[in-house]
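Fold and contact review
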Amino acid sequence: QVQLVESGGGSVQAGGSLRLSCTASGYIADSYCMGWVRQAPGKEREGVAGAFSGVEFKTSLSDSVKGRFTIARDNAKNTLYLQMSSLKPEDTAMYYCAAKAPPCTIVPRYIYDYEYWGQGTQVTVSL
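Presented here is an overview of the structure given in this document.

About the criteria used
Along each chain, numbering runs from 1 in the same order as the chain's sequence is written. A pLDDT threshold of at least 70 governs which residues receive local features in this predicted model, and a stricter bar of 80 or more applies before side-chain atom pairs are shown or counted, although totals over entire chains, interfaces and linings include all residues. The side-chain quantities take in all heavy atoms of the structure and omit both hydrogens and water. Here, the term nonpolar core denotes a set of buried Ala, Val, Leu, Ile, Met, Phe, Trp, Tyr and Cys residues that are joined through side-chain atoms within 4.5 Å. Exposure is judged per residue with a 1.4 Å probe applied to protein chains only, and the accessible area is read against the type maximum: over 50% gives exposed, under 20% gives buried, and values in between give partly exposed. Runs of H or I in DSSP of at least four residues are treated as helices and runs of E of at least two as strands, each being numbered from the N terminus. For this analysis, residues touch if any pair of their heavy atoms sits within 4.5 Å. The term salt bridge refers to a side-chain nitrogen of Lys or Arg lying within 4 Å of a carboxyl oxygen of Asp or Glu. Pairs of N or O atoms within 3.5 Å make up the polar contacts considered here, provided that, within protein, one atom can donate a hydrogen while the other can accept it, and that residues adjacent in sequence are counted only when both atoms are side-chain atoms. Two strands pair under a simple rule: DSSP has to find at least two bridges between them. The criterion for a disulfide is a pair of cysteine sulfur atoms lying within 2.5 Å.

By size, the foremost hydrophobic cluster in this structure holds 30 residues, and its most contacted members are Leu4, Met34, Trp36, Phe69, Leu82, Met84 and Tyr95. Elements that contribute at least two residues to this core include exactly strand 3 (18-25), strand 4 (33-39), strand 5 (46-53), strand 7 (69-74), strand 8 (79-84), strand 9 (93-100) and strand 11 (121-126). Beyond its immediate sequence surroundings of up to four residues, Phe69 is in contact with Arg38, Val48, Leu61, Leu82, Gln83, Met84, Ser85, Leu87, Asp91 and Tyr95.

Have a look at this one:
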């Protein structure tokens, strides 16, 4: 089975940057959809970004982070990155890496399609 481990979370001031990493183990193919989902205390989970690798690397971002966050990959390290910049206090949340075998979608709002989840990494943005 697929195992996902996130890292890179921490505390940062508004306007700062962080890079989250998701390292995958077990069987996973380029056709799997992967993404980042966040959840703040007392709020529902929100899809942030999605990605998959087929003939080419494809990504999708939610409206709330578009223009500030970017997804990248390192196949040699079996790692997916979430590069976050211009961070805002509203970005404070636990960030989870997730994946699903095809058929799947990378559209961030379809968070319930994911079948594999990491433990999460905390991101805190202060003023």
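Next, the rest of the story.
Attention now moves to the pattern of salt bridges. As a working rule, side chains carrying opposite charge can pair if their charged atoms are close by. Taken as a whole and judged by the stated rule, the model has 5 salt bridges. When the shortest N-O distance is used, the salt bridge between Lys66 and Asp63 registers 3.5 Å. For Lys66, a relative accessible area of 52% corresponds to the exposed category. A single network of salt bridges, built from pairs that share partners, joins Arg38, Glu46, Arg68 and Asp91.

Looking at the secondary structure, you find Gln39 in strand 4. On the accessibility criterion, Gln39 (27% relative accessible area) is partly exposed. Considered as a pair, Gln39 and Tyr95 are 56 residues apart in the sequence and their alpha carbons are 6.6 Å apart. Among all residues touching Gln39, those that are not within four sequence positions of it are Glu44, Arg45, Ala93, Met94 and Tyr96. Engagement of the side chain of Gln39 in a polar contact is seen with the backbone oxygen of Lys43, the distance being 3.1 Å. One polar contact links Gln39 to Arg45, side chain to side chain, over a distance of 3.2 Å.

On to the environment of Thr59. Assignment of secondary structure puts Thr59 in strand 6 (residues 57-61). As a C-alpha pair, Thr59 and Cys33 span 26 residues in sequence and 9.8 Å in three-dimensional space. Filtering out sequence-adjacent residues up to four positions away, Thr59 remains in contact with Gly50, Ala51, Ile71 and Ile106.

Time to look at the pairing of strand 9. Buried residues dominate strand 9, accounting for 7 of its 8 residues. Across 7 bridges, strand 4 lies against strand 9 in antiparallel orientation. From the neighbouring strand, Val37 faces strand 9, where its bridge partner is Tyr96. Of the pairings in the sheet, the one linking strand 9 to strand 11 comprises 3 bridges and is antiparallel in character. When the bridges of strand 11 are listed, Tyr95 appears paired with Thr121. Pairing of strand 9 with strand 10 (residues 116-117), which is carried by 2 bridges, proceeds in the antiparallel orientation. Within strand 10, the position partnered with Ala99 by the bridge is Tyr116.

This part takes up the pairing of strand 1 (residues 3-7). Only one face of strand 1 is buried, namely the one carrying Leu4 and Glu6, since none of Gln3, Val5 and Ser7 on the opposite face is buried. Pairing geometry for strand 1 and strand 3, over 5 bridges, is antiparallel. By the bridge assignment, Gln3 is partnered in strand 3 with Ser25.

As a further point, take the state of the cysteines. This structure, assessed with the given rule, holds 2 disulfides. The side chain of Cys22 participates in a disulfide bridge whose partner is Cys97; the two sulfur atoms lie 2.0 Å from each other. Looking along the S-S bond of the Cys22-Cys97 disulfide, the torsion reads about -75°, which is the left-handed sense. Here Cys22 is found in strand 3, whereas its partner Cys97 is found in strand 9, with 75 residues between them in sequence. For Cys22, a relative accessible area of 0% corresponds to the buried category. Here Cys33 pairs with Cys104 through a disulfide, and the sulfurs are 2.1 Å apart. On the sign convention where negative is left-handed, the bridge of Cys33 and Cys104, at about 80° about the S-S bond, is right-handed. With a gap of 71 residues between them, Cys33 in strand 4 and Cys104 in the loop between strand 9 and strand 10 connect regions that are remote in the sequence. Counting only the cysteines that take part in disulfides, in the order they occur along the protein chain, gives the pairing 1-3, 2-4.

This is a description of form; function is not addressed.
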